[in-house]
Amino acid sequence: MLSSTNGKGEGTMKKNLTKKLAALGLAVITTASMAGCSSKPAETKAPETTTAAAGAESTEAPETEAAKKEAGGSNVLKVTYSGTPEIHEKQYLMDTFFKNFEEENNCTVEVDFVAQADAVKKIQSEQEGKNYITDIIYADTANMAPYVNGGWMQDITELVNSTGSTYTQMFDNTTNKDGVRYFAPFTFDVYVTCANKKALDYLPDGLTEEDVVSGITWEQYADWAVAIAAGEGEGKTMMPANLTSSQLLYPMGGMSLAYGGGFPEFTSDGFKEALGIIAKIAAGNGFYAEQDQYTAPTDPLNSGDVWLTFAHMAPVGTSYNAAPNNYVIGAAPKGSKGAGSTSGAWCYGIAQGAPNQELAEKFINYIADPEVNYEFCSNYGGSLSPIEEVGDILESSDVVMRAGIEMLKTTIVTGVPAAEYSDWNAVKLLYGDIFNDVLKNKAVPGDDYLAEEQSKLEALKN
């Protein structure tokens, strides 16, 4: 059993001795986070309830499991997981992450994997009908507002404070309301540069691999992308251009921040300068021809079709961990105001009326354990931990995590203000329209066009 001071069960401590083998031996497909990291557009999946015991080969006899439930009464923790993870993600979640909690607490965890929009409907139905089924809710900051504003979540302020872990305040404006905490962040991300080492032959004069690691400028990035295309006879630089479950606005938003623009917005000089970088790459035929098929670069990086990208760190980390000798990981490129990146988090909270309150509180303690958090982030491509104490656990091989942490020291980072808009997907599509206009015309759109898009954006505000 976990204590309120982050005491670690002996069984889990032993398991964590092998965490690096798991992290480096499994090319875990990217986390379906705020920044939606599946490399192909996500398909709509039916809700699926899974128990951790079913996710791995059971070592208990059926009668032992039944006796365990009888001894503990209703000793089942029910988790609504708002997101549909990839196969390898789900394997880790069920075989390791939730399974360890089961073993430490002599319980069963049942996980309902539900698409984000369906999860909101599910919890709304439970809460408004007072038919309480869910104990724990897993949600991202871009989709968190309905849970908090609907009054569906418990106040976990004191519970989180009692864990002894030090959480970042970066997402407090979403996880908290009126000084009350409703969600505890579990993992978050920033955007980083990733280059195939073959691309280093085309670096602009005077630049080295070390410069890429510390962060080149966006102008240098554009020159590099065009040089790669000229030398290889095809564009090998990618943005996640598929508009189904689009992630395109996040790197575009980071580029805008680097030049003093905002996010989301379309008419500032900073945003126009960022579009100028995209236009320069497009004019030099630097973009990967099939980038509009992907929402993340993992598969094209792995195949060698893409050599350069500015991307969400989890899909980049997946490629890097699978073949670390093939890639260089660097900070976000810099604009006139420095480096910029958007960031979102995935978080856990306890639903109002949770039928298994004691288990739910133990689970919040469990996710606050730095060792548990580090293992999870390692297995999800090197996503960042919101817990300060995890920094003391990092190893030299945690290249992607270290790159993200170093970026945070100097990078302009903004969260995802999805709660301020009636339809965040519609916001995403506006970015897609502007991006495709730049690709088509190989130039920054005129002020009238951008003003029109800005009007559409403002019409979506709550």
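Residues numbered from 1 in each chain as written. Predicted model: local features only at pLDDT ≥ 70, side-chain atom pairs only at ≥ 80, totals over all residues. Heavy atoms only, no water.

Novice: What's the story with the pairing of strand β13 (residues 338-342) in this structure? I'm lost.
Specialist: Note on strand geometry: in a regular strand, side chains alternate between the two faces of the sheet. Burial runs high along β13: 5 of the 5 residues are buried. Of the strand pairs in this sheet, strand β12 (residues 334-335) and β13 are connected by 2 bridges, and their pairing is antiparallel. Residue pairing across strands places Gly 335 opposite Gly 338, the latter belonging to β13. Adjacent in sequence and paired antiparallel, β12 and β13 are bridged by 2 residues. Note: β13 against strand β15 (residues 412-414), 3 bridges, orientation parallel. Across the sheet, the residue bridging to Thr 342 is Thr 414, located in β15. (Buried < 20%, exposed > 50% of the residue type's maximum accessible area, 1.4 Å probe, protein only. Helix = DSSP H or I, 4+ residues; strand = E, 2+ residues; numbered from the N terminus. Pairing = 2+ DSSP bridges.)

Novice: Can you help me understand the sheet that holds strand β8 (residues 191-196) in this one?
Specialist: Consider a sheet: its strands pair through backbone hydrogen bonds, and that pairing is either parallel or antiparallel. Across the sheet, 4 strands lie side by side as β9-β10-β8-β11; this open sheet has mixed pairing. Sheet topology places β9 (237-238) and β11 (327-330) at the edges, where each strand pairs with a single neighbour. Two elements, β8 and strand β10 (residues 308-312), share 5 bridges in a ladder whose sense is antiparallel. Of the residues in β10, the one forming a bridge with Tyr 191 is His 312. Sitting on the sheet, helix α11 (residues 218-232) is in contact with β8, β9 and β10, with an inclination near 130 degrees to β10. (Contact = heavy atoms within 4.5 Å. Axes fitted to C-alpha atoms, helices over the stretch in contact; angles between N-to-C directions.)

Novice: Quick question: what am I supposed to make of the sheet that holds β13 here?
Specialist: The strand order β12-β13-β15 describes an open sheet built from 3 strands, whose pairing is mixed. Both edges of this open sheet fall to β12 and β15, since each of them pairs with a single strand only.

Novice: So what exactly am I meant to see when it comes to the packing of helix α5 (residues 87-105) against helix α17 (residues 370-379) here?
Specialist: When two helices pack together, their arrangement is given by the angle between the helix axes and by the axis-to-axis distance. Between α5 and α17, the shortest axis-to-axis distance is 11 Å and the interhelical angle comes to 175 degrees. Taken as axis vectors, α5 and α17 run roughly antiparallel relative to one another. Between α5 and α17, the contacting residues are Tyr 92, Leu 93, Thr 96, Phe 97 and Asn 100 on the first element and Val 372, Glu 375, Phe 376 and Asn 379 on the second. Per-class residue counts for the contact of α5 with α17 are 5 nonpolar, 3 polar and 1 charged. (Parallel < 35°, antiparallel > 145°, perpendicular 65-115°, else oblique. Nonpolar A, V, L, I, M, F, W, Y, C, P; charged D, E, K, R; others polar.)

Novice: Honestly, the environment of Thr 134 in this entry has me stumped. Any pointers?
Specialist: In this fold, Thr 134 is placed in the loop between α6 (116-128) and β4 (136-140). Residues Thr 134 and Ile 350 lie 216 residues apart in sequence; the distance between their C-alpha atoms is 8.4 Å. Other than its neighbours up to four places away in sequence, Thr 134 contacts Lys 78, Thr 80, Lys 122, Ile 123, Glu 126, Ala 351, Ala 354 and Pro 355. One polar contact links Thr 134 to Thr 80, side chain to side chain, over a distance of 2.8 Å. A polar atom in the side chain of Thr 134 sits 3.0 Å from the side chain of Lys 122. (Polar contact = N/O pair within 3.5 Å; in protein donor to acceptor, adjacent residues only side chain to side chain.)

Novice: I would appreciate a short explanation of the packing of helix α12 (residues 249-258) against helix α13 (residues 269-283) in the present structure.
Specialist: It is the contact of α12 with α13, at a shortest axis distance of 7 Å, that shows an interaxial angle of 120 degrees. As far as their axial angle goes, α13 and α12 are oblique. Remark: the crossing between α12 and α13 carries right-handed chirality. Taking contact as the criterion, the partners of Met 252, Met 255 and Ser 256 in α12 are, on α13, Gly 270, Phe 271, Ala 274, Leu 275, Ile 277 and Ile 278. Classifying every residue of the contact of α12 with α13 by side-chain character gives 7 nonpolar, 2 polar and no charged. (Left-handed = near helix turned anticlockwise from the far one by under 90°.)

Novice: Could you clarify how one ought to interpret the pattern of salt bridges in this entry?
Specialist: Pairing between side chains becomes possible if they bear opposite charge and their charged atoms approach one another. On inspection of all chains with the given rule, the structure shows 10 salt bridges. Between Lys 122 and Glu 126 there is a salt bridge whose closest N-O contact spans 2.9 Å. Note that Lys 122 and Glu 126 are positioned in helix α6 at a spacing of 4 residues, about one turn of the helix. Its relative accessible area of 22% is what places Lys 122 among the partly exposed residues. Judged by relative accessible area, Glu 126 falls into the buried class, the value being 6%. (Salt bridge = Lys/Arg side-chain N within 4 Å of Asp/Glu carboxyl O.)

Novice: Explanation requested: α5 in the structure shown.
Specialist: For α5, spanning 19 residues, the distance from its first C-alpha to its last is 26 Å, which sits close to the expected 27 Å at 1.5 Å a residue. Where α5 bends most, the angle comes to about 40 degrees, and this point is Lys 99. Asn 106 sits one or two residues past α5 and shows a positive phi near 50 degrees. (Expected span 1.5 Å × (residues − 1). Bend = angle between axes of the 7 residues up to and from the residue.)

Novice: Is there a simple way to think about the pairing of strand β2 (residues 76-82) in this case?
Specialist: By the criterion of burial, β2 is predominantly enclosed, with 6 of the 7 residues buried. Sheet topology places β2 next to strand β3 (residues 108-114); 7 bridges connect them, and they run parallel. Residue pairing in the sheet places Tyr 81 in a bridge with Phe 113 of β3. With respect to chirality, the unit in which β2 leads through α5 into the neighbouring parallel β3 is right-handed. (Right-handed = clockwise from strand over helix to strand, strands pointing away.)

Novice: Please clarify how the packing of aromatic side chains should be interpreted in this entry.
Specialist: The description of two aromatic rings rests on the distance between their centres and on the angle between their planes. The final tally for this structure, using the stated rule, is 33 aromatic pairs. On the numbers, 6.2 Å between centres and 80 degrees between planes, the contact of Tyr 147 with Phe 183 is edge-to-face. You can see Tyr 147 sitting in helix α7 (residues 145-149) and its partner Phe 183 sitting in the loop between β6 (180-181) and β7 (184-188), a full 36 residues away along the chain. Of the two residues, Tyr 147 and Phe 183, neither departs from the other in class, the shared state being buried. (Phe/Tyr/Trp six-rings, centres within 6.5 Å; stacked < 30°, edge-to-face > 60°.)

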